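So the chains spell out like this:
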Amino acid sequence: IMLLYAVSTVAQDRKVTGKVVGVDNQGIPGVSIVIKGTRTGTTSDANGNFSINSKSSNDVLQLSGIGYKAKEVNLAGQTSINVTLDEDIAALEEVVVTGYSSSSKKESTGSVATIKSKDLVMVPSGNVEQQLQGRASGVTVISSGQPGAASLVRIHGFGSFSNNNPLYVVDGVPVQSTDFLAPGDIESTSILKDAAAASIYGARAANGVIVYTTKKGTKRARSLEVTYDGLYGVTDPGKGQAMLNPQEQADWTWNAIRNTAIANGTTPTFGHPQYGTGTSAVLPDYLNVGGRSGVSGTVDLAAERLKYNIDPTAGAIYQVVKANKAGTDWYGAITRMAPISRHSLGFSGGTENGRYYFGLSAQEQAGILVYNKFSRYTFRANSEFDLSKKVRIGENLQFTYKSVLAQDGNDLLNPNNSGLSTIAGEGDILSAFRMSPIIPIYDEFGGYAGTAAKGFNNPRNPVASRDGSKNDRSFTANGFGNIYLEYEPITNLVLRSSIGGQYNNAYQYAYSRLQYENSENNASFGYNEFSGYQFSWTFTNTINYQKQIGDHKIKALAGYEALNTGSGRGISGSGINPFSTDINYITLTTVSSTGKVVNSYINSGITFASVFGQLDYNLSDKYYVSGVVRRDGSSRFGINSRYGVFPAFSAAWRLSKEDFMRDLPWISDLKIKGGWGQMGNSNSVDPNNQYSLYAANVGNSYYDINGSNTSAVSGFYRSRIGNPNAKWETNTTTNIGFESSLFRGKWDLAVDLWNRETTDALFNVPLPGVLGNYAAAPAVNVGTLSNKGIDIQIINRGNIIKDLNYEVTATGSFLDNKITSFAPNITYLPGTTYRGLTPVRNQLNYPMSAFYGYKVVGLFNSTSEVASAPKQTGAGLGRFRYADINGDGVIDANDRTYLGSPVPVFTGGMTIRLTYKAFDFSTFMAVSLGNKIANVSKWYTDFYPSFTGAAVSARVKNSWTPTNTNTDQPIFEGESGFSTNGEFNSFYVENGNYLRMQNMSLGYTIPKNVLTKIGLKSARVSASASNIFTITSYKGLDPSVGGAADTNFGIDIGNVPITRSYNLALSLSF
Amino acid sequence: CKDSFLEVPPTGQLANAQLTSKAGIEGSLIGAYSMLNGRGVRLASSANWVFGSILGGEANKGTNSGDYTAINPIQRFETPPTNTEINDTWRVKYEGIQRCNTTLASLAKAGSDVTADDKKRISGEARFLRGHYYFELKKLYNNVPYIDESMDYGTGIEKVSNATDVWPKIEADLKYAMDNLPETQAAAGRANKWAAAAYLGKAYLFQKKYTEAKAMFDQVIASGKTANGKKYGLVTKYAQIFNAENDNNEESVFAIQSAANTGSVNNANSDDDLNYPYNTGSSGPGNCCGFFQPSFELANSFRTDANGLPLLDGSYNSTANALKTDFGIQSSAAFTPDAGNLDPRLDHSVGRRGIPYLDWQDHPGFDWIRDQSYAGPYSPKKYIYYKSQEGTLTDGSSWTRGYAAMNKPLIRYADVLLMAAECEIEIGSLETARNYVNLVRARAANPASWVTKNGAPAAKYVISTYTAAWTDKAVARTAVRFERKLELSGEGHRFFDLVRWGIAESTINAYLSYEGAKLITALGSAKFTANKNEYLPIPQTQIDIQGKDILKQNPGY
């Protein structure tokens, strides 16, 4: 720092001395003082004193210190000067927007997190909510690597048995998903976590509210500013899982045959359609020559070509498939380096009477799965005009065109689940690990190769599957916005009326190939098409009033709101076998007249009518109290219980304002706050829940009563048993915490302890089987759930050396989630079954979606161990030995137990920012601890009888043998049953902990003096890498495993991994 | 805000009140019929390919050990009460019952557009179907709660225990149906008076009420006709029973109607979509998945002696008599099929190497079997569609081609004759019994219906009727029971027959020990436990929901 004196070579005219103090009149050390327009500068000493040499009596001093607002002081002839710097408590000055009003975080008494807008654009993603992971405490975000796929976002745990998605509000208008938003258009993000903050949204607030506000011009005259942000990057799919190579797979097939024979006390009979019948397995030269398998030697390809046929409609299939003895990398074959580009333009400006923001953006993001691509084009126009001093009119408007190509697991009818079902479905990623590597991608004459060659069971060629979906398209056109009028009849009284809405039009079509290359082929060429629209609207009227009388400050809000969550219609059709499979020919008209199906639906949406009010009072910025109440009525519920009232109270005490705290100058700001409140939830209830209904459905209730063989007569069945008395779920939250700023803003520390209890949780009480299997069970208010946790945020800023500033932000959240009751007599709710395994049982006193099954205590190592162990069906050498949980000497269903939870106990993130002169560097790490993953993909790859012949994981090389007993990998053998792959057990349950270096970026801001020459206001270039590494012991591709349902998640059956990407970005403003 | 703003009516569905019109009630009844095939819940089909045929030893699961593992413990008689299939089956049967009850309840509220005749017919059909579904539950689970149209959600339906025997209720429903249904119906698929009579006879037979049963069967044999007005009889060619082109023939007493290309494969034989040879490509049917492979024991049973009669002494499994198979022989290696005397029904019932597989091609053996060492060398054959029917009598709109549209007979006239024969043996004339059996055998013996290869019988078919008079009840019983095995194999009857005859333990354990020695992984060391395995366990999920005081678990589980 002292070096700076050396550059001060100007003649010494005057000496100016002074002192820098804070508002508490204490000296501030380390403040940089520079004479404006020169390189002359100094730094205040330990007591805040400084002296500097000035040339002119009109020199301006620029003062800046960490944790304080920069200030300029004109010397105006003085030679001795005292300067008071105001604290710059950035975190507390952040604006909290609730959708109906806004306040500074300093005044907020609720639990709110805000996200910096620049953090939202740092890592490119399809959905802006992916950027929330690790950046806001109390928020759990689990995303998949598929662009455009929705993420699982949970705020303060899981308060309901289904659909715990938060409420998203954009510019005051509630929406179901936010994938239509361009991240660059977002000005502020507030996450309302507890009742005190969120109860203003009453009946829909229980899962938290995420409020986005888009950019507007500033409220002062300002010339047009144009910004450009561009980004280009690529995503590297990385490597797949380690699988056995062709020779190893053949050898292990023989090992399995041998092990099976040993287990059964017989002599092994070696044999496989490809590997021969000898005592050692031999790889063939050809896997399939016109149906013959295991062909060794040469084949007369010219002669074979004449018999070649891959058209099932033209007769028997005839292929020639050569063995790929080097092994096919199936994962590599279906993935690619995926480019991404994004360009955004912003135009903002204003006059005294008007202000505007226009945004244009285009994002093209390819997925690592070939053909998978997400594109989004947006146009935004926000403006506001003062019609008079008292009247303002404004609008926010956005048009979005979004398309998703070749997505795995798309669910168009449920945007919240888009792409999520891949995680727990048998998709192309799983196929890549099931296809034996000896199978080449193509046959000798250009057709697909596959499991039609004998001996490899039934996986389907994933390259063919990808190629088959390359023309699958799904796109939406979306109009969103609101228009509002504000009237301020007297100062600080604002009457506001806003009407907003969203119109979404979706279109989708997809093809399925008529296959020939697999052992199990699609029977027909299939085509389906869908179109639908949805319109939602919200009409909001509020009165805001603020008044300060002396030390008393009052803010009041009252409002009325009516809305419809979205009404619409949709039509879909499917058909098979068009005359030509040219995609320019295929329509629903040109498919075959047999097997053509047309469906449509109508959806009236759900209406809400609500009144709400909020009153905030603060005394001397020291004592704060706040009360909120909202009364909601909703069409979701029957007349008996249609309305719900949701109050919340909170208070805060700014201790640092008290005199007794003056003696603790290292505490710049300290606020203790607490609150209690109730929020409602009804997401998990079908709007038809109040009605008992019947339906006709061709798949459920038609019958060919006339014996025609080709047509069926419509029949009826009960589709729903209603519960007219269902009412709101109530979430009661209590929380206490503090926010502080220490050492003059060098440290910020905020801690929030929260508790969220759900009562009257709506639960689809399992119907007794005597009521059949088709009627949807009514949701009944019977369950209770408990969530509690701690949210922590720590910020440390400062400078390491002069000009090298840093800021470290760490967030952490602890979560304890538990189901505390179901209905009377019900102790659990089972999850989905995959290939005979049921990984999840939602059970009493355990977290949601907890894993449940047999606990493996080891593998049976000796026949004497088998004999002495508790009686276990199928017990044998190298097989799973289960714990006798109830100690009755028999292993049966009663010995299943809790095996772990997919809900992380701790999630957190750390951002480090460094700035050195024009350079900035930032890095972001996310961590998730304490959760488990059910790696069900191991069922497919780690057991010989799980579709015998399919590819095998390299893990089996460490499987149990009499000489390799120190392993947890069971013996590789033919038995499929209770003690092998037949039951879900702890073998599948893996530690889900991970630490991910999520992003690292380096930027350079071009100096102003360079820019002015070329007419730019600012320019920054940056390079970044994302998902640089992940530290985890998880054996699957990626530990970020979510799921489509709260009662069934954390199960990995071939998740699209989140992989490394590299980006270059450029930001300009004119 | 007006309350009307918050009243949003449901869309695309109906309220109960809308179902009390004639069309609504007729639609409810169709819905009740539609549950017969389980609607894609494969094991819940009334055709009972797992619970009737596989448990009865006619077949095993097929495919390989890792596929559809829920069936593995079932076929080994190790079914845990937590098995998902038994819970699904339970719910499907009750869904059928619920739909019958909805129909009956709506009928009680029907307006004047529903005539007295309509009421008789509709209530008759609904009660026939309800009787059928309870009959299914009775056979499968034995102790089941009885729910009629007076009970519903919210009125204590979950409190009905399974302690009361439902046989009287089944009889009452079937009796009502017989008394109220017309002899012929406008639609071939409807239950008629004679279907009800045959079913009632079957219900009596299951309870060993031979007198009542015989009375029913006598009437059915004397006067019965199909819903579409054909006098009951046996179709001339055995294979024509299982051909969609010949559905609703004179032999069809009551059948699950099946249709292709209706917009959902659930209206075709969705219970059978897995039950085709494996990896056939386009040269075979279905092309998936190798399930439901006939057993060695069943195939051997078709051995006939020099006189063309079955080996009733059980010697068909001896090394000398057992069918020659290609077990362990690759398709590329030479194989000559069995040259001994065989009942021609073998090659309508069991797909085996070297014999034409309908009009597809000769069965190639190993290459069409997913895992021979696991499930043996045979393929299912009865409910397989013909190559010529691909696309017209099959539904290709789903993931395999294996959605066929032939009806699944639940009771066919040959079954009636054989049941009547049982009654005759117990309380009537042995000679009448022999006559009934001979009618069935004579049809099988029709050379015109034999499987041919190159213009000649595909194997050495030697079959004849019982020419010698029957004088010994026990011998006659054995002959009738064996005839049922041969005639009705793969049609879902065998296990229930063995249980009602009281010979399940001995027969099945003999089967398991014979078959288990060959198919070690699938069936090795499996065992049938008497006084337990006669019935499935009550699903644990249902006990958990309703309470163990309401639903008492079956003995042994």
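Throughout, residues of each chain are indexed from 1 in the direction in which the sequence is written. All chains are assigned letters beginning at A, and all ligands numbers beginning at 1, according to the order in which they are written. Selection of residues for local features in this predicted model requires a pLDDT of at least 70, selection of side-chain atom pairs for listing and counting requires 80 or more, and totals for whole chains, interfaces and linings are taken over all residues. Calculation of side-chain values draws on the structure's entire complement of heavy atoms; hydrogens and water are dropped beforehand.

1. Structural notes on the overall build of chain A
Runs of H or I in DSSP of at least four residues are treated as helices and runs of E of at least two as strands, each being numbered from the N terminus. A tally of helices and strands in chain A yields 13 helices and 53 strands. Seen along its three principal axes, the alpha-carbon backbone of chain A occupies a region of about 105 × 70 × 65 Å. Throughout this description, buried means an accessible area under 20% of the type-specific maximum (1.4 Å probe, protein chains only), exposed means over 50%, and partly exposed covers the range between. Residues classed as buried in chain A amount to 58% of the 1070 residues present. Contact definition: two residues touch when any of their heavy atoms are within 4.5 Å. Restricting to contacts in chain A with at least 6 residues of sequence separation, those with at least 24 account for 69%. Residue-level accessible areas treat just the shown protein chains as cover; the underlying method is Shrake-Rupley with a 1.4 Å probe. Only carbon and sulfur atoms are counted for the fraction: they give 55% of the accessible area of chain A, which is about 40,100 Å².

2. Section: the sheet that holds strand β2 (residues 32–35) of chain A
Residues and elements named next belong to chain A. Two strands qualify as a pair provided DSSP detects at least 2 bridges between them. With antiparallel pairing, 4 strands are arranged side by side in an open sheet as β3-β2-β5-β6. The two strands at the open ends of the sheet, each matched to only one other strand, are β3 (41–43) and β6 (71–74). Neighbour to neighbour, the strand axes of the sheet diverge by 20° on average, direction disregarded. Of the strand pairs in this sheet, β2 and β3 are connected by 3 bridges, and their pairing is antiparallel. Considered in β3, the bridge of valine 34 is made with glycine 41. Here, axes are lines fitted to C-alpha atoms. For helices the fit covers the stretch in contact, and angles between N-to-C directions go from 0 to 180 degrees.

3. Observations concerning the state of the cysteines
Residue and element names in this part refer to chain B. Here, two cysteine sulfur atoms that lie within 2.5 Å of each other are counted as a disulfide. In the structure shown here, the tally under the stated rule is 1 disulfide over all chains. The side chain of cysteine 288 participates in a disulfide bridge whose partner is cysteine 289; the two sulfur atoms lie 1.4 Å from each other. Across the S-S bond of cysteine 288 and cysteine 289 the torsion is about 80°, and the bridge reads as right-handed. With a relative accessible area of 0%, cysteine 288 lands in the buried category. Given the relative accessible area of 2%, cysteine 289 is considered buried.

4. Quick notes on the side chain of serine 344 of chain A
Residue and element names in this part refer to chain A. Here serine 344 lies in strand β20 (residues 338–350). Residue classification places serine 344 among the buried residues on the basis of a relative accessible area of 16%. Once you skip the residues sitting within four places of it in the chain, serine 344 turns out to touch Thr227, Tyr228, Asp229, Leu360 and Ser361.

5. Concerning the packing of aromatic side chains
Residues and elements named next belong to chain A. Two rings belonging to Phe, Tyr or Trp (six-membered ring only in the last case) form a pair when the distance between their centres is within 6.5 Å. Interplanar angles under 30 degrees mark stacking, angles over 60 mark edge-to-face geometry, and anything in between is tilted. Here the structure, examined in full by the defined rule, presents 78 aromatic pairs over all chains. With a centroid separation of 5.3 Å and 20° between ring planes, the pair formed by phenylalanine 161 and phenylalanine 822 is classed as stacked. With phenylalanine 161 in the loop between β12 (152–155) and β13 (167–170) and phenylalanine 822 in the loop between β38 (804–821) and β39 (828–830), this residue pair connects regions lying 661 residues apart in the sequence. For phenylalanine 161, a relative accessible area of 5% puts it in the buried group. Both rings, one in tyrosine 944 and one in phenylalanine 972, keep their centres 5.6 Å apart while their planes meet at 70°; by these two values the pair is edge-to-face. Residue tyrosine 944 is located in the loop between α12 (937–941) and β50 (989–991), and its partner phenylalanine 972 is located in the loop between α12 and β50; the two are separated by 28 residues in the primary sequence. With relative accessibility at 15%, the residue tyrosine 944 sits in the buried group.

6. Details of unusual backbone geometry
Most peptide bonds are trans, and most residues other than glycine sit at a negative phi. Residue and element names in this part refer to chain B. With an omega of -5°, the peptide bond running from cysteine 288 to cysteine 289 counts as cis. You can see cysteine 289 is positioned in the loop between β2 (252–256) and β3 (291–294). Phi is positive for serine 525, close to 60°, though the residue is something other than glycine. Mapped onto the fold, serine 525 is located in the loop between α17 (520–523) and α18 (540–546). The class for serine 525 is exposed, based on a relative accessible area of 71%. One non-glycine residue, asparagine 531, lies in the positive phi region at around 65°.

7. Here we look at the environment of alanine 263 of chain A
Residue and element names in this part refer to chain A. Positionally, alanine 263 belongs in helix α5 (residues 246–264). For the pair alanine 263 and glycine 876, spaced 613 residues apart in sequence, the C-alpha to C-alpha distance is 7.2 Å. Not counting the four nearest positions on each side in its chain, alanine 263 is found in contact with Arg879 and Glu973.

8. Considering the interface of chain A and chain B
Counting residues at the interface gives 102 residues for chain A, matched by 96 residues for chain B. Interface of chain A and chain B: buried area, both sides summed, is about 7,500 Å²; carbon and sulfur atoms make up 54% of it. Here aspartate 152 of chain B ties to arginine 718 of chain A by a salt bridge, and the two come within 2.8 Å at their closest N and O atoms. Of all the secondary-structure elements, those providing two or more residues to the side of chain A that touches chain B are α5, β27 (552–576), β28 (597–603), β29 (607–619), β30 (623–634), β33 (693–696), α10 (698–701) and β34 (716–720) of chain A. Reported buried area values correspond to the accessible surface (1.4 Å probe) lost by two parts on association, with both partners' losses combined. Take a side-chain nitrogen of Lys or Arg and a carboxyl oxygen of Asp or Glu: if they are within 4 Å of each other, that pair is a salt bridge.

9. Remarks on the pattern of salt bridges
Throughout the structure, instances matching the rule amount to 81 salt bridges over all chains. With a shortest N-O distance of 3.5 Å, lysine 727 of chain A and aspartate 760 of chain A are connected by a salt bridge. In this pair, lysine 727 of chain A sits in the loop between β34 and β35 (729–742) while aspartate 760 of chain A sits in strand β36 (residues 747–764), placing the two residues 33 residues apart along the sequence. On the accessibility criterion, lysine 727 of chain A (36% relative accessible area) is partly exposed. Arginine 477 of chain B serves as the salt-bridge partner of glutamate 426 of chain B, at 2.7 Å between the closest nitrogen and oxygen.

10. Some details on the confidence of the model for chain A
Residue and element names in this part refer to chain A. Per-residue confidence from the predictor is given as pLDDT, running between 0 and 100. Chain-level pLDDT for chain A is 87 on average; 95% of the residues reach the 70-or-more range. In this model, residues 1–12 is a region of pLDDT below 50 whose contacts with residues beyond four sequence positions or in other chains number 10 contacts. In the predicted structure, residues 410–419 sits below a pLDDT of 50 and forms 32 contacts with residues beyond four places in sequence or in another chain.

11. Some thoughts on the side chain of threonine 253 of chain A
Residue and element names in this part refer to chain A. Tracing the backbone shows threonine 253 in helix α5. Accessibility expressed as a relative area gives 8% for threonine 253, which makes it buried. Those residues in contact with threonine 253 that sit more than four places away from it in its chain are His272, Tyr275 and Tyr944.

12. Description of the nonpolar core
In globular proteins that are soluble, nonpolar side chains generally tend to be buried together. Only buried residues count toward a nonpolar core. Its members are Ala, Val, Leu, Ile, Met, Phe, Trp, Tyr and Cys residues joined through side-chain atoms within 4.5 Å. Judged by nonpolar contacts, the single largest core of 159 residues is most densely connected at Phe51, Phe128 and Leu129 of chain B. No other element matches helix α7 (residues 193–206) of chain B, which puts 11 residues into this core. Phenylalanine 128 of chain B has contacts with Asp173, Leu174, Ala177, Leu181, Ala191, Ala195, Ala196, Tyr199 and Phe254 of chain B, leaving out every residue within four places of it along the chain. In terms of nonpolar packing, the next biggest core, distinct from the first, is built from 36 residues, Phe270, Phe456, Val952 and Val956 of chain A among them.

13. Considering the pairing of β35 of chain A
Remember that side chains alternate between the two faces of the sheet whenever the strand is regular. Residue and element names in this part refer to chain A. Buried residues dominate β35, accounting for 11 of its 14 residues. Examined bridge by bridge, strand β32 (residues 667–681) and β35 share 14 bridges and lie antiparallel to one another. Bridge assignment links methionine 679 to a residue of β35, and that residue is asparagine 731. Summarising the sheet, β35 and β36 pair through 13 bridges and their orientation is antiparallel. Looking at the pairing, glutamate 739 lines up with alanine 750 of β36.

14. Description of α5 of chain A
All names here are of chain A. For a helix, the expected span equals 1.5 Å multiplied by the number of residues minus one. Between its terminal C-alpha atoms α5 stretches 27 Å, which fits the 27 Å expected from 19 residues at 1.5 Å a residue. Residues Pro246, Gln249, Ala250, Trp252, Thr253, Trp254, Ala256, Ile257, Asn259, Thr260 and Ala261 constitute the buried set of α5. Polar contact is defined as a pair of N or O atoms within 3.5 Å, subject to the rule that within protein one atom must be able to donate a hydrogen and the other to accept it, and that residues adjacent in sequence are counted only when both atoms are side-chain atoms. A side-chain oxygen of the first residue of α5 lies 3.2 Å from the backbone nitrogen of glutamine 247; this N-cap is asparagine 245. Phi turns positive one or two residues past the end of α5, at glycine 265, with a value near 65°.

15. Re the packing of helix α8 (residues 210–223) of chain B against helix α12 (residues 413–427) of chain B
Helix packing for two helices is described by the angle between their axes and how far apart those axes are. All names here are of chain B. Between α8 and α12, the shortest axis-to-axis distance is 9 Å and the interhelical angle comes to 140°. It follows from the interaxial angle that α8 and α12 lie oblique. Our pair here, α8 against α12, has a crossing hand that is left-handed. Along the contact surface, α8 presents Tyr210, Thr211, Ala213, Lys214, Phe217, Asp218, Val220 and Ile221, while α12 presents Tyr413, Val416, Leu417, Met419, Ala420, Cys423, Glu424, Glu426 and Ile427. Partitioning the contact of α8 with α12 into residue classes produces 12 nonpolar, 1 polar and 4 charged. An angle below 35 degrees is read as roughly parallel, one above 145 as roughly antiparallel, one from 65 to 115 as roughly perpendicular, and any other as oblique. Each helix crossing is assigned a hand: it is left-handed if the near helix lies turned anticlockwise from the far helix by less than a right angle, otherwise right-handed if that turn is clockwise. Three categories are distinguished: nonpolar for Ala, Val, Leu, Ile, Met, Phe, Trp, Tyr, Cys and Pro, charged for Asp, Glu, Lys and Arg, and polar for the others, with Gly belonging to the last.

16. Remarks on α12 of chain B
Its 15 residues place the ends of α12 of chain B 21 Å apart at the C-alpha level, agreeing with the 21 Å of an ideal helix rising 1.5 Å per residue. Within α12 of chain B, 13 of the 15 residues are buried, leaving the element largely enclosed by the surrounding structure.

17. Some details on the environment of asparagine 478 of chain A
Residue position: asparagine 478 of chain A is located in strand β24 (residues 473–487). Assessed through its relative accessible area of 8%, asparagine 478 of chain A is described here as buried.

18. Things to note about the sheet that holds strand β7 (residues 80–84) of chain A
Residue and element names in this part refer to chain A. Reading across the sheet, the 3 strands line up as β4-β1-β7 and stay open at both edges, with mixed pairing between neighbours. Across the chains shown, the open sheet's two edge strands, defined by having one partner strand only, are β4 (49–54) and β7. In this sheet, adjacent strand axes meet at a mean angle of 30° when their direction is disregarded. Sheet topology places strand β1 (residues 14–21) next to β7; 5 bridges connect them, and they run parallel. In the strand pairing of β7, threonine 17 is matched with serine 80.

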